[in-house]
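Below, each chain spelled out in residue letters.
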Amino acid sequence: MNKPAVICLDGPSGVGKGTICLLVARNLGWHILDSGSLYRLTALKVSRENVMPDEECIAMLAKSLAVEYREDGGNLEIYLDNEEVNQLIRSEEVGVLASKVAAMPAVREALLARQRAFLRSPGLVADGRDMGTVVFPDASLKIYLTATPGERANRRYKQLKEKGIDVNLANLTEDLQHRDQRDMNRASAPLKPADDAIIVDTTQYNIDEVYSIVMKWVQKRIVTVT
Ligand code: DC
């Protein structure tokens, strides 16, 4: 039997991958993998437990995370140890720690099988940094979304403000630059487009425009083969 199809949406922080991923998955009726949430959940767990700041201990913790994803009408609710943690894992503090644990090869390895297990019929829309390069190298469609750091910081700022989270744009820009550096320069699965990815620079576009560009590729590559 053929494996279900995968659409990979990779790119740096704050580019809008999560929103596009939800919209595409909702439109197709497919499942979602928000892979960054697994690194964020690991970071949250690390900050809560008295674990040794040692790569192997953190990898063990990542492997045994008690996580549940509930897809509810196209929305994604995330539970850690039976507690709903959607807001908690989105804090900048957790994001910074997530970027550090994501640089650890043993942690990435520990989360690999868990990410691949999200692939179920009728298909998966996966967002992250290495969906197309490492996790789903045979994906039917790989899109790499990008935008200037200034634009991404502005988008993240607006998004957090709308959620009532108090943030400072200068701090956010600095954090984002550090995170970009860490994500792009780490030895294990660094952030970069897959050789066969379609690169979309979203700096000049709003979310509706990005969505319609992505859906054109989906129609071209996926709808015609399913
Ligand atoms: O997309 P996000 O901001 O929720 O990701 C949180 C951190 O996890 C970010 O620093 C990059 C890292 N990450 C990763 O290394 N690989 C992925 N597939 C997804 C996220």
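Note that the structure is a prediction, hence the values are computed from the model and not measured.

**With respect to the site of the ligand**
(1) Moving on: Taken together, 15 residues lie near the ligand, and Arg40, Arg108, Arg129, Asp130 and Arg186 sit nearest.
(2) Moving on: At a separation of 2.9 Å, an oxygen atom of the ligand approaches a polar side-chain atom of arginine 129.
(3) Moving on: The site holding the ligand turns out to be the largest pocket.
(4) Moving on: The set of elements that each furnish at least two residues to the shell around the ligand consists of helix H2 (35–48), helix H4 (92–101) and helix H8 (169–185).

**Let's talk about the pattern of salt bridges**
(1) Moving on: For the coordinates displayed, the defined rule picks out 12 salt bridges.
(2) Moving on: Salt-bridge contacts for glutamate 83 lead to arginine 48; the nearest nitrogen and oxygen are separated by 3.0 Å. Of the two residues, glutamate 83 sits in strand S5 (residues 83–84) while arginine 48 sits in helix H2, which places them 35 residues apart along the sequence.
(3) Moving on: Taking the shortest distance from any N to any O, the salt bridge between arginine 155 and glutamate 151 comes out at 3.0 Å. Placement of both arginine 155 and glutamate 151 in helix H7 (residues 149–162) is noted, with a separation of 4 residues, approximately one turn of the helix.
(4) Moving on: The network of salt bridges with common partners includes Lys45, Glu49 and Asp81.

**Let's talk about the packing of aromatic side chains**
(1) Moving on: Scanning the model with the defined rule gives 1 aromatic pair in all.
(2) Moving on: When the ring of tyrosine 69 is compared with that of phenylalanine 118, the centres are 5.2 Å apart and the planes differ by 80°; the resulting orientation is edge-to-face. Here phenylalanine 118 lies in the loop between helix H5 (105–116) and strand S6 (123–128) and tyrosine 69 lies in strand S3 (residues 67–72), a separation of 49 residues in the sequence. Each member of the pair, tyrosine 69 as well as phenylalanine 118, is classed as buried.
(3) Moving on: The ring of tyrosine 79 carries arginine 70 above its face, with NZ or CZ at 3.7 Å from the centroid.
(4) Moving on: When the ring centre of tryptophan 217 is taken as origin, the NZ or CZ atom of lysine 220, which lies over that ring, is 4.6 Å away.

Thresholds, definitions, all that
- Residues numbered from 1 in each chain as written.
- Predicted model: local features only at pLDDT ≥ 70, side-chain atom pairs only at ≥ 80, totals over all residues.
- Heavy atoms only, no water.
- Near = heavy atom within 4 Å.
- Polar contact = N/O pair within 3.5 Å; in protein donor to acceptor, adjacent residues only side chain to side chain.
- 1 Å grid on protein atoms, 1.4 Å probe; cavity = no way out; pocket = protein on both sides within 12 Å on 5 of 7 lines; lining within 4 Å.
- Sits in = over half its atoms within 2 Å of the grid points.
- Helix = DSSP H or I, 4+ residues; strand = E, 2+ residues; numbered from the N terminus.
- Salt bridge = Lys/Arg side-chain N within 4 Å of Asp/Glu carboxyl O.
- Phe/Tyr/Trp six-rings, centres within 6.5 Å; stacked < 30°, edge-to-face > 60°.
- Buried < 20%, exposed > 50% of the residue type's maximum accessible area, 1.4 Å probe, protein only.
- Lys NZ or Arg CZ within 6 Å of the ring centre and 35° of its normal.

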